[in-house]
Amino acid sequence: MPGLARRWREVRAEIRANGTWRPTYDELTYAARVAWRNSGRCIGRLRWPSLIVRDRRHITTLQDVGRELAAHLDEATNGGRIRSIITVLAPATHTGPPPARIISPQLARYAAWPSRDGIIGDPANLALTSLATDLGWSGPTRRGPFDLLPWIAATNDGGLHLLPTDPAHILEVPIHHPDYPWIADLELRWPAVPVISNMALHFGGLRFPAPFSGTFMASEIATRNLADEHRYHQLPAIIAGLGLDDRDRLRADKALLTLHEAVLYSFEAAGVSITDHHRESRPSPASCSTRKPPAASWSATGAGSTPTR
């Protein structure tokens, strides 16, 4: 293919001259989509051809990075019709790390406040909350279970910096149930968009900080985030509200199903996209095709973090 041969000569010449190369927008877009396709841990990857790629490789200052993160949230939220988006920032170079990368694992995370009675908030974010306070964040005057954390970024000199989070860019969904009004009294809520902000896109010998967002799956919110005893641990409250007998060995299952119903109902009532494990696990021809070795991939770049949606 003449075009491919010519492009390959250009890339090799650029590497010889500069020690690196700069992909075109089309190359960047294809690499990001293929990386999603090859991400075995993401159940939503079958939608990889629809990924929107925001090319922000020219962004190098923390102020501009903060603005781009807010813009990513706005575009992904899309009035509740959630869109899958990746924002590609300036890459690492052959001489050092990228100008800025995000340490926060997600753009919408809730603080964890130690108290005499245990943790107020999300225990998964205890270390992140401690880091934010060490960097100067004091949190709200009246601390609660759903205090949004500021974003934390690292610069190529090794410094860590706070990027103020404007709640206006983070849509949250209050959790309630059509048949059990008392669930609303628990004052639970969850962000509409999961933005994995400490992701890195790897391809062609390059590494780009690349925050990515998809769509929440109901079981992640209900089972992992709200029900897990190491997170918000809401099953005892649901069991009590339903009046389930302690001798009922399926009481936790019944409570979890009710919480799933509440999450799905709340997102749908708010006009916010959400999916479920039954819908996402349906086979498709694309999932049965033979896959080539990955030409591009994603990874998490923050210390002690796991990429989840």
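Coordinates for the structure precede this section.
Scope of this entry: the structure provided in the associated data block.

Conventions and cut-offs
Residues numbered from 1 in each chain as written. Predicted model: local features only at pLDDT ≥ 70, side-chain atom pairs only at ≥ 80, totals over all residues. Heavy atoms only, no water. Axes fitted to C-alpha atoms, helices over the stretch in contact; angles between N-to-C directions. Helix = DSSP H or I, 4+ residues; strand = E, 2+ residues; numbered from the N terminus. Parallel < 35°, antiparallel > 145°, perpendicular 65-115°, else oblique. Left-handed = near helix turned anticlockwise from the far one by under 90°. Contact = heavy atoms within 4.5 Å. Pairing = 2+ DSSP bridges. Expected span 1.5 Å × (residues − 1). Buried < 20%, exposed > 50% of the residue type's maximum accessible area, 1.4 Å probe, protein only.

1. Overview of the packing of helix H5 (residues 218–227) against helix H7 (residues 251–269)
The contact between H5 and H7 brings their axes to 9 Å, and the two run at 125°. In terms of their interaxial angle, H5 and H7 are classed as oblique. When the axes of H5 and H7 are compared, the crossing they make is right-handed. Of the residues in H7, those in contact with Ala218, Ser219, Ile221, Ala222, Thr223, Leu226 and Ala227 of H5 are Leu256, Leu259, His260, Val263, Leu264 and Phe267.

2. Looking at unusual backbone geometry
Negative phi characterises most residues that are not glycine, and trans characterises most peptide bonds. With a phi angle near 50°, Asn78 is a residue other than glycine that sits in the positive phi range. Position of Asn78 among the secondary structure elements: in the loop between helix H3 (62–77) and strand S2 (85–89).

3. Notes on the sheet that holds strand S10 (residues 195–196)
Strand order across the open sheet formed by 4 strands is S1-S2-S13-S10, with mixed pairing between neighbours. Because the sheet does not close on itself, it has two edges, and the strands there are strand S1 (52–56) and S10. Direction of pairing for S10 relative to strand S13 (residues 212–213): antiparallel, over a ladder of 2 bridges. Opposite Ile196, over in S13, you have Phe212 as the bridge partner. The strands that helix H2 (residues 25–37) touches are S1, S2 and S13; relative to S1, the one it contacts most, it runs at about 130°. With respect to the sheet, H3 is in contact with S1, S2, S10 and S13, its orientation differing from that of S2 by roughly 165°.

4. Comments concerning H3
With 16 residues, H3 should cover 22 Å at 1.5 Å per step; its first-to-last C-alpha distance of 23 Å lies within 8% of that length. Buried residues of H3: Leu62, Val65, Gly66, Glu68, Leu69, Ala70, His72, Leu73, Ala76 and Thr77, and no others. Directly beyond the C-terminal end of H3, a positive phi value near 50° is found at Asn78.

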